[in-house]
Amino acid sequence: MLRHAIDFGIPEWKAILDQTKGIVFFSTPHSGSNIANLVKYMGWVLRTTVSIDELEAHHPRLRELTNVHRNQKKLGKIPIQVYCEKQKTYWGNVGVLVVDETSYELKGCQKSNVSPNSQTISCTLLITSKQENVEFYLYSNDSSARRSRIFEAGKEYIATRVELGTYSGTRRAKNNLITDVPIEATITFDNVPLEVNKIEVFQISSWLGSSYYKNDIKVEFRDISLSEK
């Protein structure tokens, strides 16, 4: 709603933005919820909606809204308080956490190794599991379904290397995440044309194995500027 107040230029909506003094989130799935995944998979019983679809765990739409809030000057000044659950909600004997606390934080993307015809782009992340220790894979180019990539001006570039803590590889890197301990990851793209000076979309391919989620995760960041290394 606050984003539309900025984008659509309607005076009455802008007044809401100007008068917003703070935002409080109660168990709100910023990265999506596995409950939404479950509801979608049970679509033959429960009809899903666009809203349910966009609340899937790590849905790109939620990531986009997070980036807009983080990077938009006026929205970024609004103070936020976030509360997340620490105890499971039970349906019979089945207990679940509605909000998963996996975090992907983009530190930035840099260009280096500039030659007359190409350059290298490296994007650095901090990845954190805030719920429990988990098994984690980060992909560069493992398969057509598991590859990290960037898009700019209609062109697609596939990652050539990936590092996850002390592990690295040209296809993937595996490591174990410790609860509340960020681990640094770097995804590298070699032989990128010199005319690429920014990134329209950066899509990260990963896999998480835990007691509450065992599946692929795709995370997107948009409108990224490049710095010199």
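All figures in this text were calculated on a predicted structure; none of them were measured in a lab.

As for the nonpolar core
With 33 residues, the main nonpolar core has Ile121, Ile127, Ile187, Ile199, Phe202 and Phe221 as its most contacted residues. When sequence neighbours within four positions are dropped, the list of residues in contact with Ile187 reads Ile121, Ser122, Cys123, Leu125, Leu138, Ser148, Ala159, Arg161, Val162, Phe202 and Ile204.

A word on the environment of Ser129
In this fold, Ser129 is placed in strand S6 (residues 118–129). For Ser129, a relative accessible area of 1% translates into the label buried. The spatial distance from the C-alpha of Ser129 to the C-alpha of Ser103 is 6.4 Å, given a sequence separation of 26 residues. Contact partners of Ser129, with chain neighbours within four places excluded, come to Val134, Leu177, Ile178, Thr179, Asp180 and Tyr212. A polar side-chain atom of Ser129 sits 2.7 Å from the main-chain carbonyl oxygen of Glu132.

Some remarks on the packing of aromatic side chains
Applying the stated criterion to the full structure yields five aromatic pairs. Their ring planes at 40° and their centres at 5.9 Å tell us that Phe8 and Trp13 sit as a pair that is tilted. By relative accessible area, which is 36% here, Trp13 ends up partly exposed. Ring geometry for Tyr104 and Phe136: centres 6.2 Å apart, planes at 55°, overall tilted. Of the two residues, Tyr104 sits in strand S5 (residues 102–112) while Phe136 sits in strand S7 (residues 134–139), which places them 32 residues apart along the sequence. Summarising the burial analysis for this pair, Tyr104 and Phe136 share the class buried. One aromatic cluster is present, built from ring pairs that chain together Tyr137, Tyr139 and Trp207.

Criteria and thresholds
Residues numbered from 1 in each chain as written. Predicted model: local features only at pLDDT ≥ 70, side-chain atom pairs only at ≥ 80, totals over all residues. Heavy atoms only, no water. Core = buried A, V, L, I, M, F, W, Y, C linked by side-chain atoms within 4.5 Å. Buried < 20%, exposed > 50% of the residue type's maximum accessible area, 1.4 Å probe, protein only. Contact = heavy atoms within 4.5 Å. Helix = DSSP H or I, 4+ residues; strand = E, 2+ residues; numbered from the N terminus. Polar contact = N/O pair within 3.5 Å; in protein donor to acceptor, adjacent residues only side chain to side chain. Phe/Tyr/Trp six-rings, centres within 6.5 Å; stacked < 30°, edge-to-face > 60°.

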